[in-house]
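Topology and contacts: notes
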Amino acid sequence: MPDILIVDDSISVRKALEITLRNHQMGSRSAISAEQALDMLGENADYDLLMIDVIMPGMSGIELCNTLKSDDRYASLPVILMSGNVDEEVKTQAKEAGAHNVLRKPFRSEELIPMIQNILDEHRAQENAPAASIDENTVPAH
């Protein structure tokens, strides 16, 4: 079962996501701020995906995503940023921060669940891809 960390200062958004994910056999934990999410990741970095609100008090979701992507421990962790206002500027900031996608709030489960499944499937495929190896037959002889 995928384990997802939800980071949003709105209790109603966190609860709606928790219920939606549980109804689709996905586990979740919640943080009310970027700072709390960093603490939780330090305790247990074994999440499959992070869903992060863009606008929060303190550190923003964009800043959190930048922080995670610049840390080797979390750089490959998939991130979906969430915002009530998804315009070109938010999309650009999300892409530059390394987010995999942007979800408009309020969300519909018909949109959310396939987005999560696609990202998790892509992430699993990348993790399971064989590492490039050097074939001794292709190394030039000296």
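Use the structure listed above.
None of the values given here were measured: they were computed from a predicted structure.

**Considering the environment of glutamate 18**
Mapped onto the secondary structure, glutamate 18 falls in helix 1 (residues 11–23). Between the C-alpha atoms of glutamate 18 and lysine 91, which are 73 residues apart in sequence, the distance is 24 Å. Filtering out sequence-adjacent residues up to four positions away, glutamate 18 remains in contact with Ile6, Ser28 and Ser30.

**A word on the side chain of serine 83**
Inspection of the secondary structure assignment puts serine 83 in strand 4 (residues 79–83). When its relative accessible area of 4% is taken as the criterion, serine 83 is described as buried. There is a polar contact of 3.1 Å between the side chain of serine 83 and the backbone nitrogen of asparagine 85. Residues contacting serine 83, with those up to four places away along its chain left out, are Val54, Val90, Leu103, Arg104 and Lys105.

**Concerning the sheet that holds strand 5 (residues 101–104)**
Where strands meet in a sheet, backbone hydrogen bonds hold them as pairs that are either parallel or antiparallel. The five strands lie next to each other as 2-1-3-4-5, forming an open sheet whose pairing is parallel. In this open sheet, the two edge strands, each paired with only one partner strand, are strand 2 (27–31) and strand 5. On average, each strand axis in the sheet is tilted by 25 degrees relative to the strand beside it, whichever way the strands run. Of the pairings in the sheet, the one linking strand 4 to strand 5 comprises four bridges and is parallel in character. Looking at strand 5, one finds that methionine 82 is bridged to leucine 103. Contacts from helix 5 (residues 109–128) reach strand 1 (3–7), strand 3 (49–53), strand 4 and strand 5 within the one sheet, and its direction differs from that of strand 5 by about 170 degrees.

Cut-off values and rules
- Residues numbered from 1 in each chain as written.
- Predicted model: local features only at pLDDT ≥ 70, side-chain atom pairs only at ≥ 80, totals over all residues.
- Heavy atoms only, no water.
- Helix = DSSP H or I, 4+ residues; strand = E, 2+ residues; numbered from the N terminus.
- Contact = heavy atoms within 4.5 Å.
- Buried < 20%, exposed > 50% of the residue type's maximum accessible area, 1.4 Å probe, protein only.
- Polar contact = N/O pair within 3.5 Å; in protein donor to acceptor, adjacent residues only side chain to side chain.
- Pairing = 2+ DSSP bridges.
- Axes fitted to C-alpha atoms, helices over the stretch in contact; angles between N-to-C directions.

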